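Here is what each chain is made of, one letter per residue.
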Amino acid sequence: MKIQEIYNLAINKGVEADFRGREAIVKLLKRKKEKYEKLSEKEKEEFDKEALENPYLDSRIYHIAQDTEVKKVLAGIDIEPAELLLAKEIGGIDLIIAHHPLGKGLAHLADVMELQCDVLNQYGVPINIAEGLMKERIEEVARGVNAINHQRTVDTAKILGFNLMNSHTPCDNLAAKFLKDLIERENLERIEDLLHLLKDIPEYKEAMKIGAGPKIFVGDEENRCGKISVAEITGGTEPSPKIYEKMAQAGIGTIIGMHMREESKKEAEAANINVVVAGHISSDSLGMNLFLDELQKRNIQIIPCSGLIRISRLK
Ligand SMILES: [Fe+2]
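Residues numbered from 1 in each chain as written. Predicted model: local features only at pLDDT ≥ 70, side-chain atom pairs only at ≥ 80, totals over all residues. Heavy atoms only, no water.

Caption draft 1: Representation of the environment of E192. Inspection of the secondary structure puts E192 in helix α10 (residues 191-199). Looking at E192, the relative accessible area reads 25%, which means it is partly exposed. Considered as a pair, E192 and D220 are 28 residues apart in the sequence and their alpha carbons are 8.1 Å apart. In contact with E192, other than residues within four places in its own chain, are E221 and E222. (Helix = DSSP H or I, 4+ residues; strand = E, 2+ residues; numbered from the N terminus. Buried < 20%, exposed > 50% of the residue type's maximum accessible area, 1.4 Å probe, protein only. Contact = heavy atoms within 4.5 Å.)

Caption draft 2: Just the coordination of the iron ion, in detail. Bound to the iron ion on the protein side are H100 (NE2), H280 (NE2) and D284 (OD), at distances that span 2.1 to 2.2 Å. Considered as a linear motif, the donors of the iron ion on their single chain read H-x179-H-x3-D. One end of the pair, H100, is in the loop between β3 (95-98) and α5 (103-107); the other, H280, is in helix α14 (residues 280-297), with 180 residues separating them in the sequence. (Donors = N, O, S within 2.8 Å, 3.2 Å for Na, K, Ca; no water.)

Caption draft 3: Geometry of the packing of aromatic side chains. Counted by the stated rule, this structure contains 1 aromatic pair. Judged by centre distance (5.0 Å) and plane angle (50°), the ring pair of Y36 and F47 falls under tilted. With Y36 in helix α2 (residues 22-37) and F47 in the loop between α3 (41-46) and β1 (61-63), this residue pair connects regions lying 11 residues apart in the sequence. One Lys or Arg, K44, reaches over the ring of Y36 and ends 5.5 Å from the middle of that ring. Just above the ring of F19 sits the side chain of K180; from NZ or CZ to the centre is 5.3 Å. (Phe/Tyr/Trp six-rings, centres within 6.5 Å; stacked < 30°, edge-to-face > 60°. Lys NZ or Arg CZ within 6 Å of the ring centre and 35° of its normal.)

Caption draft 4: Just the nonpolar core, in detail. Among the nonpolar cores identified, the biggest contains 84 residues, and I6, I97, F291 and L295 are the most heavily contacted of them. Apart from residues no more than four positions distant in its own chain, L295 is found in contact with M1, I6, L9, I97, I300 and I302. In terms of nonpolar packing, the next biggest core, distinct from the first, is built from 15 residues, I79, I93, L102 and L164 among them. (Core = buried A, V, L, I, M, F, W, Y, C linked by side-chain atoms within 4.5 Å.)

Caption draft 5: Fine view of the environment of I127. Looking at the element boundaries, I127 is found in helix α7 (residues 127-146). Given the relative accessible area of 35%, I127 is considered partly exposed.

Caption draft 6: Highlighting the sheet that holds strand β7 (residues 252-257). The 4 strands lie next to each other as β5-β8-β7-β6, forming an open sheet whose pairing is mixed. One side of each edge strand has no neighbouring strand; the edge strands of this open sheet are β5 (215-218) and β6 (227-229). Along the sheet, successive strands turn relative to each other by an average axial angle of 25°, direction set aside. Examined bridge by bridge, β7 and strand β8 (residues 274-277) share 4 bridges and lie parallel to one another. Bridging from a neighbouring strand, G257 pairs with V277 of β8. (Pairing = 2+ DSSP bridges. Axes fitted to C-alpha atoms, helices over the stretch in contact; angles between N-to-C directions.)

Caption draft 7: Quick peek at helix α6 (residues 114-122). Within α6, burial applies to L115, Q116, C117, V119 and L120. Of the residues one or two after α6, G124 is the one with positive phi, at around 105°.

Caption draft 8: Expanded view of the sheet that holds β1. Taken together, the 5 strands give an open sheet; going across it, the order is β1-β4-β3-β2-β9, and neighbouring strands pair in mixed fashion. Two strands close off the open sheet at either side, each with one partner strand: β1 and β9 (301-305). Here the average twist between neighbouring strands, direction ignored, is 25°. Pairing of β3 with strand β4 (residues 164-166), which is carried by 3 bridges, proceeds in the parallel orientation. What sits directly across from A98, in β4, is N166. Strand contacts of helix α4 (residues 81-90): β2 (72-76), β3 and β9, with the helix running at about 150° to β2, the strand carrying the most contacts.

Caption draft 9: View of the packing of α4 against helix α8 (residues 152-160). Running from N to C, α4 and α8 point in directions that differ by 25°, and their axes come no closer than 9 Å. In terms of orientation, α4 and α8 fall into the roughly parallel class. Crossing of α4 against α8: the hand is right-handed. Listed contacts from α8 to P81, L84, L85 and K88 of α4 are R152, T153, T156, A157 and L160. A breakdown of the residues in the contact of α4 with α8 according to their chemical character gives 5 nonpolar, 2 polar and 2 charged. (Parallel < 35°, antiparallel > 145°, perpendicular 65-115°, else oblique. Left-handed = near helix turned anticlockwise from the far one by under 90°. Nonpolar A, V, L, I, M, F, W, Y, C, P; charged D, E, K, R; others polar.)

Caption draft 10: Structural context of the state of the cysteines. Applying the stated rule across the entire model yields 0 disulfides. In this model C305 remains outside any disulfide bridge; the closest cysteine sulfur is found in C171, 14 Å from its own. Classification of C305 by relative accessible area gives buried; the value is 8%. (Disulfide = S-S within 2.5 Å.)

Caption draft 11: Main features of the environment of K30. Relative to the elements of secondary structure, K30 occurs in helix α2. A residue is classified by how much of its surface remains accessible, and K30, at 52% relative accessible area, is exposed. The sequence separation of K30 and L52 amounts to 22 residues, and the corresponding C-alpha distance is 7.7 Å.

Caption draft 12: Expanded view of the pairing of β2. Burial of β2 is extensive: 5 of the 5 residues sit out of reach of the surface. Neither face of β2 is left uncovered, since the one carrying K72, L74 and G76 and the one carrying V73 and A75 both have all their residues buried. With 5 bridges connecting them, β2 and β9 associate as parallel partners. Bridge pairing in β9 links V73 to I302. Alignment of β2 against β3, held across 4 bridges, turns out to be parallel. Across the sheet, residue A75 finds its bridge partner in β3, namely I97. With respect to chirality, the unit in which β2 leads through α4 into the neighbouring parallel β3 is right-handed. (Right-handed = clockwise from strand over helix to strand, strands pointing away.)

Right, here's the structure in full:
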């Protein structure tokens, strides 16, 4: 497979697993195209044209040094210059795949957060409330990533001559869908049942060995789960802390998240929502693994690094 084919596969898998459904995404891209057509020539020049084709702007190809047939991939959660030097040391790496966004993908992280509005709406939060609260948070995240040295790793890849891409929201979509399907198959009554279920997932089992396994942030093992939401597993990063009260009103009893800030924890607690934090890097690994299995199926060798707990689900 060539780099572009691997990238397209990631986007396609992300769309397949997207809670909004393919049709809604096609409609969204169509709307963006119509808006683009109405822009002035100057505005069109400034417009990121990838936004017309790619619903996940936090996932990109950053550099193609050599457009070779990819046989060996170095994959990690965070790729920094250190990992690129590692790739040089290992040798024969055709492509480096990061999970977390870099460069312009990181600058556009906030763009994918709109997804959360639709998912929250599916869980019963009125769309106007989801949009209102997310808008504030999306702007905050956009400002937050603005100060970062976006191109540091990309520049290193260019100097060392490495092919570099990332897959963030497509992989998080895969993890969210995996967890949702699993939860829906089980009849989970209490938080302890949910914890047992999560702890049986190999990535979380591995994380437990280093003390980073699933944890109850709010609530108690004895608490009833009620309706379980995986809305926080995908869609860029954490939502506004103000959303928890609205989620409780919409009938959500328990949230499974990757991570949660203290301010959000307090709000969830005040709203009597149970919070189970599955784990950040382990949840990221789960999503990456579901995508990397697709590459392994195509005879591509995967070398995990930078926190990636590589588990293959191929028989
Ligand atoms: Fe992450």
